[in-house]
Amino acid sequence: MTQPSTAQKRADAKANAMTRPVEGPAPEVTVTRNMVKRGLVVAPVLIAICGFVWGLNGAWSSAFGVALVLINFTLAAALIAFSARISLGLMMGAILFGYILRLGLILLAVLLVKDAGWISLPALGATIIVTHLGLLVWEMKYVAISLAHPGLKPARS
Amino acid sequence: MEAFAHLAAATGLTGAEQKTANAAIGAGFAYGLAAIGPGIGIGYLVGKSVEAMARQPEAAGMVRTTMFLGIAFTEALALIGFVVFILIGL
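Residues numbered from 1 in each chain as written. Chains lettered and ligands numbered in written order. Predicted model: local features only at pLDDT ≥ 70, side-chain atom pairs only at ≥ 80, totals over all residues.

Once that is clear, we can look at the overall build of chain A. Each helix and strand in chain A was counted, giving four helices and zero strands. When the helices and strands of chain A are listed from N to C terminus, the series reads α-α-α-α. A compact globule built from 157 residues should have a C-alpha radius of gyration of about 15 Å, whereas chain A, at 21 Å, is more than 25% larger. Across its three principal axes, chain A shows a C-alpha extent of roughly 80 × 40 × 20 Å. Counting every position in chain A, which comprises 157 residues, the buried fraction comes to 34%. The contacts in chain A between residues at least 6 apart in sequence include a share of 73% that link residues at least 24 apart. (Helix = DSSP H or I, 4+ residues; strand = E, 2+ residues; numbered from the N terminus. Rg over C-alpha atoms; globule rule 2.2 N^0.38 Å. Buried ≥ 20, exposed ≤ 12 C-beta atoms within 10 Å, placed from the backbone. Contact = placed C-beta atoms within 7 Å.)

Listed below in structure tokens is the structure:
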């Protein structure tokens, strides 16, 4: 009986790794929980600014935009955490398919309300971009510190 | 532009109607093209992350954290394209 070659052993090990669940806690859930908390804290400020610039319609649209971004983050984290418990390969598929799914859901959500009387599209667009990037940059600071100095465990706001 | 002018003449659209049609076409291209780049980026990012987790399972937590933030940052580009779409197309 012939022994498997080194390349064959590596390929087998990689295939086994792809079908195994990812061990350990789900960091994306913690990251998203922090971002949602911060998002809820800054939401009144964003809504007030949009209300000041675009009026009452701007305030409603801004609230809708913040909700869209937070739901988008939550859905992404839930999809990764759920699929990682099954296998690494499934996690990859879930992330790639989830990207299309979430973009489709955002498009659907906006198409459903585009003709509503309370919608202000500039306010909605500005809120989506500012909230998404703002929360990510805010969270990145804490993640960067904890990755560089794992023992520090910085206190999260 | 000349092609659009010929198209307008052939279809009998007024200037405003033609402008709306052009905006719709532009918005569709903006969103579609803006979604392709992040799609490629996320595919590459996740592929490399999965490879790293398969090679070094003990580093999976760190890789997943950076992967998640990377996905979200890449997706921001698609969202910017989406905002352009809703501003000029809806």
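The helix and strand tally for chain B stands at three helices and zero strands. The C-alpha radius of gyration of chain B comes to 20 Å, more than 25% above the 12 Å expected for a compact globule of 90 residues. In terms of overall dimensions, chain B has a C-alpha envelope of 65 × 20 × 15 Å along the principal axes. Split into buried and exposed, the 90 residues of chain B put 29% on the buried side. Here the contacts in chain B between residues at least 6 apart in sequence split such that 72% fall between residues at least 24 apart.

Turning to the interface of chain A and chain B, a few remarks are in order. Bring the parts together and some accessible area is lost; that lost area is often taken as the interface size. Facing 35 residues of chain A, the contacting portion of chain B comprises 29 residues. For the side of chain A that touches chain B, the secondary-structure elements that each account for two or more residues are helix H1 (6-19), helix H2 (27-84), helix H3 (88-113) and helix H4 (121-148) of chain A. If one sorts the elements of the side of chain A that touches chain B by residue count, H4 of chain A sits on top with 12 residues. A per-class count over the side of chain A that touches chain B returns 28 nonpolar, three polar and four charged. (Nonpolar A, V, L, I, M, F, W, Y, C, P; charged D, E, K, R; others polar.)

Okay, the packing of H3 of chain A against helix H2 (residues 15-55) of chain B next. Relative orientation of the contacting elements H3 of chain A and H2 of chain B amounts to 160°, with a least axis distance of 10 Å. Judged on the interaxial angle alone, H2 of chain B and H3 of chain A are roughly antiparallel. Pair H3 of chain A / H2 of chain B crosses with right-handed handedness. Across from Leu-88, Met-92, Ile-95, Leu-96, Tyr-99 and Leu-103 of chain A in H3 of chain A, the residues of H2 of chain B making contact are Ala-35, Gly-39, Ile-42, Gly-43, Val-46, Val-50, Met-53 and Ala-54 of chain B. Class assignment of the residues belonging to the contact of H3 of chain A with H2 of chain B gives a composition of 12 nonpolar, two polar and no charged. (Axes fitted to C-alpha atoms, helices over the stretch in contact; angles between N-to-C directions. Parallel < 35°, antiparallel > 145°, perpendicular 65-115°, else oblique. Left-handed = near helix turned anticlockwise from the far one by under 90°.)

Let's shift gears to the environment of Ala-76 of chain B. Along the chain, Ala-76 of chain B falls in helix H3 (residues 60-89). Residue classification places Ala-76 of chain B among the partly exposed positions, given that 16 C-beta atoms sit within 10 Å. Sequence spacing of Ala-76 of chain B and Ile-40 of chain B is 36 residues, and the spatial spacing of their C-alpha atoms is 14 Å. Filtering out sequence-adjacent residues up to four positions away, Ala-76 of chain B remains in contact with His-132 and Leu-133 of chain A.

Residues and elements named next belong to chain A. Remark: H2 packs on H3, axes separated minimally by 10 Å, with the N-to-C direction vectors making an angle of 160°. Between H2 and H3, the interaxial angle falls into the category roughly antiparallel. The two elements H2 and H3 meet at a crossing, and its hand is right-handed. Residues Phe-64, Leu-68, Asn-72, Leu-75, Ala-76, Leu-79, Ile-80, Ser-83 and Ala-84 of H2 lie in contact with H3, whose contacting residues are Leu-90, Met-91, Ala-94, Ile-95, Gly-98, Arg-102, Ile-106, Ala-109 and Val-113.

Attention now goes to the nonpolar core. Of all hydrophobic cores here, the largest spans 56 residues; its most connected members are Phe-73, Ile-80, Met-91 and Ile-95 of chain A together with Phe-68, Ile-71 and Phe-82 of chain B. Setting aside residues no more than four positions away along its own chain, Phe-73 of chain A makes contact with Thr-32, Met-35 and Val-36 of chain A together with Ala-72 of chain B. (Core = buried A, V, L, I, M, F, W, Y, C linked by C-beta atoms within 7 Å.)

What follows is about the environment of Glu-2 of chain B. In this fold, Glu-2 of chain B is placed in helix H1 (residues 2-11). Linking Glu-2 of chain B and Gly-15 of chain B, residues 13 residues apart in sequence, is a C-alpha distance of 14 Å.

Residue and element names in this part refer to chain B. Counting all residues, the mean pLDDT for chain B is 86, and 93% of those residues have values of 70 or more. Put simply, H1 is where chain B has its lowest mean pLDDT, 71, and H3 is where it has its highest, 90. Scoring of the predicted complex yields 0.83 for pTM and 0.81 for ipTM. (pLDDT = per-residue confidence, 0-100.)

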